[in-house]
Amino acid sequence: SQGRLEALLNFQTMTSDLTGLPISNASLLDEATGIAEAMHMLNAARPKELANANKFFADKNLYPQNLDVLRTRCEPIGVQLVIGDLKGFDPADGYFALALQYPARDGSVNDYSTIVSKAKVLGVRTAVCADLLSLVLLTPPGEWGADVCVGNSQRFGVPMGYGGPHAAFFATTEEFKRIIPGRIIGVSQDRRGNRGLRMALQTREQHIRREKATSNICTAQALLAVMAGM
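## Concerning helix H1 (residues 2-19)
And step 1. Between the first and last C-alpha of H1 there are 26 Å, a value that for 18 residues agrees with the 26 Å anticipated at 1.5 Å per step.
And step 2. Listed as buried for H1 are Leu5, Ala7, Leu8, Leu9, Phe11, Gln12, Met14, Thr15, Ser16, Leu18 and Thr19.

Now the structure itself:
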């Protein structure tokens, strides 16, 4: 229905505005699977010069559930997950991407712009797990160089529901618009020339065509995204 699509477009617009990134989906399962999808996407889209880089760095300040799902999802695709202190991170050491928590697990709000630009020069991408409500006040990750920003939208008025899950957001740059997981609602025209909303893109999911899948997430949390957007 157009009403539901409009509500999902509203969620996407809110996410893009707050993360500072031009493309957002509506939506994914939760934050932990969101960062795993980001790892998956950045691994699939490695630049040619990083063809042999198979290491993904995760700052030790990520939430434990994010680290757990990354461990589970890196192993079967041959990605070496390195969990460590960001102070000792060298992007030139065989990495294709890194993950940061913003604000961090210990509550600190760090300026990551230096390490992110150092990584970017080498073609190493950055994924950020962010608290969406905090981005009302903090500098959006897109403005300090992040390539992907994920998180959950529970703080936008979704009841706690015994811990979740809550609609996750996933925002990224134009570069990844063809391989972003989940669904994107786009503005189009109907046959009478009126404004019409449609699902512009939905990634092939694991249960549909396993060997061609670009995402493992079968639950896209439409109702929770509508509630958060509203």
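## Focus on helix H3 (residues 64-74)
An α-helical turn contains 3.6 residues, so a residue and the one three or four places further along point in the same direction.
And step 1. Restricting attention to buried positions, one finds in H3 the residues Asn66, Leu67, Leu70, Arg73 and Cys74. End-on view of H3: buried residues confined to an arc of 135 degrees, all on one side of the axis.
And step 2. Of the surrounding secondary structure, the elements contacted by the buried residues of H3 are helix H2 (31-44), strand E2 (55-59), strand E3 (80-84), strand E4 (95-102) and strand E5 (125-130).

## Quick notes on the sheet that holds E2
And step 1. Spatial strand order, E1-E7-E6-E5-E4-E2-E3: seven strands in an open sheet with mixed pairing. Looking at which strands have only one partner, the edges of the open sheet turn out to be strand E1 (23-24) and E3.
And step 2. Direction of pairing for strand E6 (residues 148-152) relative to strand E7 (residues 168-172): antiparallel, over a ladder of five bridges. Among the inter-strand pairings, Val150 is bridged to a residue of E7, identified as Phe170.

## Quick word on the pairing of strand E9 (residues 195-202)
And step 1. Of the strand pairs in this sheet, strand E8 (residues 183-189) and E9 are connected by seven bridges, and their pairing is antiparallel. Its bridge partner lying in E9, Gly186 is registered against Arg198.
And step 2. From the end of E8 to the start of E9, which pair antiparallel, there are five residues, and Gly193 there has a positive phi angle of about 85 degrees.

## Things to note about the environment of Lys55
And step 1. Secondary-structure assignment places Lys55 in strand E2.
And step 2. In this structure, the C-alpha to C-alpha distance between Lys55 and Asp93, residues 38 residues apart in sequence, is 8.4 Å.
And step 3. Not counting the four nearest positions on each side in its chain, Lys55 is found in contact with Gln80, Val82, Asp93, Gly94, Tyr95, Phe96 and Ala97.

## Brief notes about the pattern of salt bridges
And step 1. The final tally for this structure, using the stated rule, is eight salt bridges.
And step 2. Put simply, Lys120 and Asp147 hold a salt bridge, and the shortest N to O gap is 3.3 Å. Pair noted here: Lys120 is in helix H4 (residues 113-121) and Asp147 is in the loop between E5 and E6, with a separation of 27 residues, a long-range link.
And step 3. By relative accessible area, which is 41% here, Lys120 ends up partly exposed.
And step 4. As a salt-bridge pair, Arg155 and Asp131 come within 2.4 Å of each other at their nearest N and O atoms. Of this pair, Arg155 sits in the loop between E6 and E7 while Asp131 sits in the loop between E5 and E6, placing them 24 residues apart in sequence.
And step 5. Of the residues examined, Asp131 reaches a relative accessible area of 23% and is grouped as partly exposed.

Quick notes on the rules
Residues numbered from 1 in each chain as written. Predicted model: local features only at pLDDT ≥ 70, side-chain atom pairs only at ≥ 80, totals over all residues. Heavy atoms only, no water. Helix = DSSP H or I, 4+ residues; strand = E, 2+ residues; numbered from the N terminus. Expected span 1.5 Å × (residues − 1). Buried < 20%, exposed > 50% of the residue type's maximum accessible area, 1.4 Å probe, protein only. Arc of directions from axis to C-beta. Contact = heavy atoms within 4.5 Å. Pairing = 2+ DSSP bridges. Salt bridge = Lys/Arg side-chain N within 4 Å of Asp/Glu carboxyl O.

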